[in-house]
Amino acid sequence: MKHKTLKTIGKTKNNQDFDVLPMFPLDKPSRLQVKETTFNTYDYKLFGEITEVDDYFDLIDALNYASPDDEFIIRIHSGGGLLGTADVIINAIQNTPARVHGHIESLCGSASTIIFLNCHTYSISPRAEFFVHTASSGTIGKEHENYASIMFDRKRVHKMVRDAYEGLLTDQEIDNVLKGQDYYFDADELGERLETYTEFQQKKFEAELEAFQKEQEDAIEGSASTKPKKKKILPS
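Cut-off values and rules
- Residues numbered from 1 in each chain as written.
- Predicted model: local features only at pLDDT ≥ 70, side-chain atom pairs only at ≥ 80, totals over all residues.
- Heavy atoms only, no water.
- Helix = DSSP H or I, 4+ residues; strand = E, 2+ residues; numbered from the N terminus.
- Contact = heavy atoms within 4.5 Å.
- Areas by Shrake-Rupley, 256 points an atom, 1.4 Å probe, with all protein chains shown as cover.
- Axes fitted to C-alpha atoms, helices over the stretch in contact; angles between N-to-C directions.
- Parallel < 35°, antiparallel > 145°, perpendicular 65-115°, else oblique.
- Left-handed = near helix turned anticlockwise from the far one by under 90°.
- Nonpolar A, V, L, I, M, F, W, Y, C, P; charged D, E, K, R; others polar.
- Core = buried A, V, L, I, M, F, W, Y, C linked by side-chain atoms within 4.5 Å.
- Buried < 20%, exposed > 50% of the residue type's maximum accessible area, 1.4 Å probe, protein only.
- Polar contact = N/O pair within 3.5 Å; in protein donor to acceptor, adjacent residues only side chain to side chain.
- Pairing = 2+ DSSP bridges.
- Right-handed = clockwise from strand over helix to strand, strands pointing away.
- Salt bridge = Lys/Arg side-chain N within 4 Å of Asp/Glu carboxyl O.
- Patch = residues over 30% accessible without salt bridge, like charges linked within 9 Å, V, L, I, M, F, W, Y side chains within 5 Å.

Caption draft 1: Spotlight on the overall build of the chain. Looking only at helices and strands, the chain features six helices and eight strands. Tracing the chain from N to C terminus, the helices and strands come up as β-β-β-α-β-α-β-α-β-β-α-α-β-α. A sequence separation of at least 24 residues applies to 70% of the contacts in the chain between residues at least 6 apart. In the form shown here, the chain has an accessible surface area of approximately 17000 Å², with 53% of it arising from carbon and sulfur atoms.

Caption draft 2: Spatial organisation of the packing of helix α1 (residues 57-64) against helix α2 (residues 83-95). Relative orientation of the contacting elements α1 and α2 amounts to 20 degrees, with a least axis distance of 8 Å. Here α2 runs roughly parallel to α1, going by the angle between their axes. Where α1 crosses over α2, the handedness of that crossing is left-handed. Between α1, through Leu59, Ile60, Leu63 and Asn64, and α2, the contact on the second element is made entirely by Val88, Ile89, Ala92 and Ile93. Residues that form the contact of α1 with α2 fall into these classes: seven nonpolar, one polar and no charged.

Caption draft 3: Region of the structure containing the nonpolar core. Membership of the largest hydrophobic core comes to 48 residues, with the highest contact counts inside it found for Phe72, Phe130 and Tyr165. In terms of residues, this core owes the most to one element, α2, which gives six residues. Excluding residues within four positions of it along the chain, Phe130 makes contact with Ile104, Cys108, Thr113, Phe116, Leu117, Leu168, Tyr183, Tyr184, Phe185 and Leu190.

Caption draft 4: Structural detail: the environment of Lys159. In this fold, Lys159 is placed in helix α4 (residues 143-165). Reaching out from Lys159, the side chain makes a polar contact with the side chain of Asp163 at a distance of 2.7 Å.

Caption draft 5: Highlighting the pairing of strand β4 (residues 71-78). Taking every second residue as pointing to the same face, the buried face of β4 carries Phe72, Ile74, Ile76 and Ser78, while none of Glu71, Ile73, Arg75 and His77 on the other face is buried. In the sheet, strand β3 (residues 41-47) pairs with β4 via seven bridges, with the strands oriented parallel. Looking across to β4, one finds that Thr41 is bridged to Glu71. The parallel pair β3 and β4, bridged by α1, forms a crossover whose chirality is right-handed. In the sheet, β4 pairs with strand β5 (residues 99-109) via seven bridges, with the strands oriented parallel. Bridging from a neighbouring strand, Ile73 pairs with His101 of β5. Handedness of the crossover is the feature at issue here: the chain leaves β4, passes through α2, returns alongside β5, and the resulting connection is right-handed.

Caption draft 6: Inspection of the pairing of strand β7 (residues 129-132) at higher detail. By the bridge criterion, three bridges tie β5 to β7 in an arrangement that is parallel. By the bridge assignment for β7, Gly109 is matched with Phe131. Looking at chain direction, β7 and strand β8 (residues 183-185) are connected through three bridges and run antiparallel. Residue pairing in the sheet places Phe131 in a bridge with Tyr184 of β8.

Caption draft 7: Expanded view of the pattern of salt bridges. By the definition in use, this model includes seven salt bridges. For Glu105, the salt bridge is made with Arg75, and the minimal N-O distance between the two is 3.2 Å. Placement of Glu105 in strand β5 and of Arg75 in strand β4 is noted, with a sequence separation of 30 residues between them. The salt bridge involving Asp175 is made with Arg162; its shortest N-O contact spans 2.8 Å.

Caption draft 8: Inspection of a nonpolar patch on the surface at higher detail. Together, Phe205, Leu209 and Phe212 line one region of the surface with nonpolar side chains, adding up to about 300 Å² of accessible area. Among the structural elements, Leu209 can be located in helix α6 (residues 187-225). Taking relative accessible area as the criterion, Leu209 reaches 36% and is therefore assigned partly exposed.

Caption draft 9: Representation of unusual backbone geometry within the structure. Of note, Ser110 is a non-glycine position whose phi angle comes to about 55 degrees, a positive value. Mapped onto the secondary structure, Ser110 falls in the loop between β5 and α3 (111-117). Using a relative accessible area of 16% as the deciding quantity, one classes Ser110 as buried.

These values are about where atoms sit, not about what they do.
Below you can see the structure in the form of structure tokens.
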């Protein structure tokens, strides 16, 4: 069961709602300007198997139409499910201007781990469980169709696993996952790895930002140094 909770900020509540009265004399102009703002806090339960994408339209639409002041808390108790659905949720998390916080209530495995790692901030319960494995799939069709599908899925899954767990798992551990080994972490082990993962992602972001800025500077310098060629006037 999934739901969201909307909280509106704007009035103080003490037995009943009331407006705050000004504390300055009414016959003098005020130098204080008050801007009333509201923001939404969404509390979403990602519980059970991750099923078809249309079961998550409420979360996806809320992320897509959120404002920069909005906040999301995604509470996870899931052993995974459909990778395609997880991809759509991850895309919404990556593109929303709001702040998204992932919290593991108890179980977090397979596809739900990738959703968790794509949240902007994290927290875990004292009895959290986190497990990583490679994808499971199957195809039905002609032999050559099965072969083409399996080879495509293998390439896609290998890239996904390396992108998802880089910084959380070592390179050797990622290779082991792709060979079929499963990894299980309790709250203490996961907490230590999340610290390393957060540092890794921060350094990666800074390096990508620096490379982008350098590319932009080079492009500006290149356009500035390119001068139009003068036309030659031939003698008559």
